[in-house]
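# Report on the structure
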Amino acid sequence: MDPSIETLHDVLDQTFALLERVRNVRAPQLAPEEVGRVSFVGNGIVRVDGLPGVQSQELVRFPGDRLGMAFNLDPDEVGVILLDRAQGLHAGVEVRRTQRVLDVPVGETLLGRVVDGIGRPIDGLGPIQSVRRLPVERPAAAIMDRAPVTVPFQTGIKVIDTLIPIGRGQRQLVLGDRQTGKTAIAVDAMINQREKQVLCVYCAIGQRSSSVARVIEDLKAYGAIEHTVVVATTEDHPPGEQYVAPYAAMSIAEHFMQHGRDVLVVLDDLTKHARAYRELSLLLRRPPGREAFPGDIFYVHSRLLERSTHLREEFGGGSVTTMPIVETEAENLSAYIPTNLISITDGQIYLAPSLFDKGILPAVDIGKSVSRVGGKTQLRAFRTVAGDLRLSYAQFEELESFARFGTRLDVDTRKTLERGRRVREIFKQPQYHPLSVAEQIAVLVAVNGGIFDEQPLSVVRQIESEIREAMLKTLPELSKRLESGLVVAPEDYELILQMAREASQNSRIEN
């Protein structure tokens, strides 16, 4: 007999023997399966009869492999929010339990990818090869598992790093009216993390598709997409998917945090998230409260943002810094959702339309912005050169508004006004140009030393650029020490001031 035939017989004998052993070990068993039926289809929700054993926030499956999440557990029916579009669903359609809660893929394979609100890729780059999944709803870290916020988070934006400093693990709200530059601040902060070993998760909630595409293109153009995960839900997505998207983004970030990484999460924006939750709640007949929002809207946001923290070393030592964005209407900071989030977060950056209209960009209103945590984490060099700058700048703004009445001013008051105008000029910063710590310190030392006092406002920005460039070229070792947060001696500040004077003189000679 041919040897190959004998080998084939042996393989077949082994295979059949293995199948026989498996069949003996795993005898087929009958298991009951709960099947419900749709009784009502609404905009983004359905009501289901049956499914008596379904649990809160359990995934249910509709025909066509579409998903929903059990939201209301009433005695006679189950309210389900849809995570896919409702086309083709009608009364009488079968609904089946999945016996699991909603979860998302996590891990390094998500970096550089764009996913929807439940972790499915939408960037056309193929499936995500992830070996681990985490529930989107998870309890926040216990108090005893947390460490104090001690490490600064550098945004690269002068006015924020100097006057409204943020720490890693902090929750810093960004709020302002439409088109005042809220997303621009978040994008600049993400771009600035390129070489700082900080990962980013950008979560777009109910945004226009063009806006999300523009952010993704900006991240690609400035080399930030490689360390960023984009969770995108546009206004075309069902409200249920918009509702779960920020929780999914936080779970993705928590995985990195538990492995010792520092993460920035941008939630853009929670106003639209609150509106999506209001729409779902009203359609599911939950009782409305103030501004028709359900009574638990505060808890919805607080349990989300409470997951942002800095862990102790034995629990990973990572951190999640969160930048929730909120849109105000007509500069009304006392509206329901803004006041809720101001009380939940550790500080806020307020962008004023009046400053935006004057061309003062970023349009940060320093008087209405605050950081309750980050001041303790700020680099010592910043504290040295900008210790009283916030107070003196606030006094300048008040003095400037008073001087508009045409009052005669003494010499000291005029000097204060001129210095304040130059400080405001150096706080202006173009988008997509975050600055290093050394560059910011050099400019602050120069303005405190009076380098700009005799210069016309029209050339301040040019001289500032010369000083920043000279700092990196002529004092590289000092720049590294400033970046690392090491103690800087007073004579080092004298070196910076001398360098700034020379750069200023060279700029004037060239002009």
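The structure presented is a predicted model; accordingly, all values stated were derived computationally and were not measured.

## Overview of helix α6 (residues 270-283)
Over its 14 residues, α6 extends 20 Å from the first C-alpha to the last, a length consistent with the 20 Å expected when each residue adds 1.5 Å. With a side-chain oxygen positioned 2.9 Å from the backbone nitrogen of T271, the residue opening α6 is D269.

## Here's the deal with empty space enclosed by the protein
Picture a little ball the size of a water molecule; that probe, rolled over the atoms, points out where space is still empty. Scanning all chains against the criterion turns up two cavities of 30 Å³ or more. Put simply, the largest cavity is a space of about 100 Å³. Lining the largest cavity, in full, are V159, L355, I360, P362, V364, I366, Y393, E397, R424, F427 and K428. Sorting the residues of the lining of the largest cavity by element identifies α11 (389-403) and α12 (411-427) as the ones contributing at least two each. For the lining of the largest cavity, a count of residues per class yields eight nonpolar, no polar and three charged. The volume enclosed by the second largest cavity comes to roughly 50 Å³. Tallied by class, residues from the lining of the second largest cavity come to six nonpolar, four polar and one charged.

## Digging into the pairing of strand β17 (residues 347-351)
Burial within β17 is extensive, with five of its five residues counted as buried. The alternating pattern of β17 places G347, I349 and L351 and Q348 and Y350 on opposite faces, both of which are buried. Across two bridges, the pairing between β17 and strand β18 (residues 370-371) is antiparallel. The residue of β18 that forms the bridge with Q348 is V370.

## Focus on the pattern of salt bridges
This model, assessed by the stated rule, comprises 35 salt bridges. With its nearest N and O atoms 3.0 Å apart, the salt bridge here joins E94 to R96. A residue is classified by how much of its surface remains accessible, and R96, at 32% relative accessible area, is partly exposed. Taken together, the salt bridges that share partners define one network made up of E400, E418, R421, R422 and R424.

## Quick notes on a nonpolar patch on the surface
The grouping of L8, L12, F16 and L19 at the surface amounts to a nonpolar patch, some 410 Å² of accessible area in total. With respect to the secondary-structure elements, L12 resides in helix α1 (residues 3-25). Residue class for L12 comes out partly exposed when judged on its relative accessible area of 39%.

## Some thoughts on the layout of surface pockets
Space inside the largest pocket adds up to approximately 820 Å³. Forming the walls of the largest pocket are 34 residues, and the residues nearest its centre are Q179, G181, K182, T183 and A184. At the level of elements, α3 (182-191), β13 (198-207), α4 (209-221) and β16 (319-327) are the ones that each hand at least two residues to the lining of the largest pocket. Per element, the largest residue contribution to the lining of the largest pocket is six residues, and it comes from α3. The residue inventory of the lining of the largest pocket, partitioned by class, reads 14 nonpolar, nine polar and 11 charged. What the second largest pocket holds in volume is close to 350 Å³. Taken together, 16 residues form the lining of the second largest pocket, with N192, E195, K196, S436 and E483 sitting closest to its centre. Residue classes in the lining of the second largest pocket are distributed as seven nonpolar, three polar and six charged.

## Re the environment of L495
Residue position: L495 is located in helix α16 (residues 490-510). In this structure, the C-alpha to C-alpha distance between L495 and L475, residues 20 residues apart in sequence, is 8.7 Å.

## Some details on the pairing of strand β1 (residues 35-41)
Across three bridges, β1 lies against strand β6 (residues 94-101) in antiparallel orientation. Paired with V35 across the bridge in β6 is R96. Bridge analysis of β1 against strand β2 (residues 45-49) gives four bridges, and the strand direction is antiparallel. What sits directly across from R37, in β2, is D49. What sits between β1 and β2 in their antiparallel hairpin is a turn of three residues, with G44 showing a positive phi close to 90°.

## Considering the sheet that holds β2
Pairing between the strands of a sheet is mediated by backbone hydrogen bonds and can be parallel or antiparallel. Taken together, the six strands give a closed barrel; going around it, the order is β1-β2-β5-β4-β3-β6, and neighbouring strands pair in antiparallel fashion. Averaged over all pairs of adjacent strands, the angle between their axes in this sheet comes to 45°, without regard to strand direction. Against the sheet, helix α5 (residues 239-258) engages β4 (66-73) and β5 (78-82), with an angle of about 80° to β5.

## Quick notes on the nonpolar core
Here is a general trend for soluble globular proteins: nonpolar side chains tend to be buried in one another's company. L264, I349, I441, I467, M471, L482 and I496 are the most contacted members of the largest nonpolar core, which totals 75 residues. The element that contributes the greatest number of residues to this core is helix α13 (residues 437-448), accounting for nine residues. The next biggest cluster of nonpolar side chains, apart from the first, holds 62 residues, and it includes L67, I297, L305 and I360.

## Quick word on the packing of α5 against α6
The N-to-C vectors of α5 and α6 enclose an angle of 130°; their axes lie 8 Å apart at closest approach. With respect to their mutual orientation, α5 and α6 come out oblique. At the point where α5 passes α6, the crossing takes the left-handed sense. Contact with α5, carried on its side by P239, G240, Q242, Y243, P246 and Y247, involves H273, A276, Y277, E279 and L280 of α6 and no other residues of that element. Residues belonging to the contact of α5 with α6 are distributed by class as follows: seven nonpolar, three polar and one charged.

## Description of the environment of N332
Tracing the chain through its elements places N332 in the loop between β16 and α8 (336-344). N332 sits 156 residues away from G176 along the chain, and the two C-alpha atoms are 8.8 Å apart.

## Section: the packing of aromatic side chains
Taken as a whole and judged by the stated rule, the model has eight aromatic pairs. Arranged with centres 5.5 Å apart and planes meeting at 75°, the rings of F71 and Y243 form a pair that is edge-to-face. Of this pair, F71 sits in strand β4 while Y243 sits in helix α5, placing them 172 residues apart in sequence. In this structure, F71 and Y243 share a single accessibility class: buried. Judged by centre distance (6.2 Å) and plane angle (85°), the ring pair of F71 and Y277 falls under edge-to-face. One end of the pair, F71, is in strand β4; the other, Y277, is in helix α6, and 206 residues separate them in sequence. Both residues of the pair, F71 and Y277, count as buried. For R47, the ring lying beneath its charged end belongs to F40, and the centroid distance is 4.3 Å. Positioned over the ring face of F293 is R278, at 4.3 Å from the centre of the ring.

Calculation criteria
- Residues numbered from 1 in each chain as written.
- Predicted model: local features only at pLDDT ≥ 70, side-chain atom pairs only at ≥ 80, totals over all residues.
- Heavy atoms only, no water.
- Helix = DSSP H or I, 4+ residues; strand = E, 2+ residues; numbered from the N terminus.
- Expected span 1.5 Å × (residues − 1).
- Polar contact = N/O pair within 3.5 Å; in protein donor to acceptor, adjacent residues only side chain to side chain.
- 1 Å grid on protein atoms, 1.4 Å probe; cavity = no way out; pocket = protein on both sides within 12 Å on 5 of 7 lines; lining within 4 Å.
- Points joined across faces, edges and corners; volume = space filled by probe spheres on them.
- Nonpolar A, V, L, I, M, F, W, Y, C, P; charged D, E, K, R; others polar.
- Buried < 20%, exposed > 50% of the residue type's maximum accessible area, 1.4 Å probe, protein only.
- Pairing = 2+ DSSP bridges.
- Salt bridge = Lys/Arg side-chain N within 4 Å of Asp/Glu carboxyl O.
- Patch = residues over 30% accessible without salt bridge, like charges linked within 9 Å, V, L, I, M, F, W, Y side chains within 5 Å.
- Areas by Shrake-Rupley, 256 points an atom, 1.4 Å probe, with all protein chains shown as cover.
- Axes fitted to C-alpha atoms, helices over the stretch in contact; angles between N-to-C directions.
- Contact = heavy atoms within 4.5 Å.
- Core = buried A, V, L, I, M, F, W, Y, C linked by side-chain atoms within 4.5 Å.
- Parallel < 35°, antiparallel > 145°, perpendicular 65-115°, else oblique.
- Left-handed = near helix turned anticlockwise from the far one by under 90°.
- Phe/Tyr/Trp six-rings, centres within 6.5 Å; stacked < 30°, edge-to-face > 60°.
- Lys NZ or Arg CZ within 6 Å of the ring centre and 35° of its normal.

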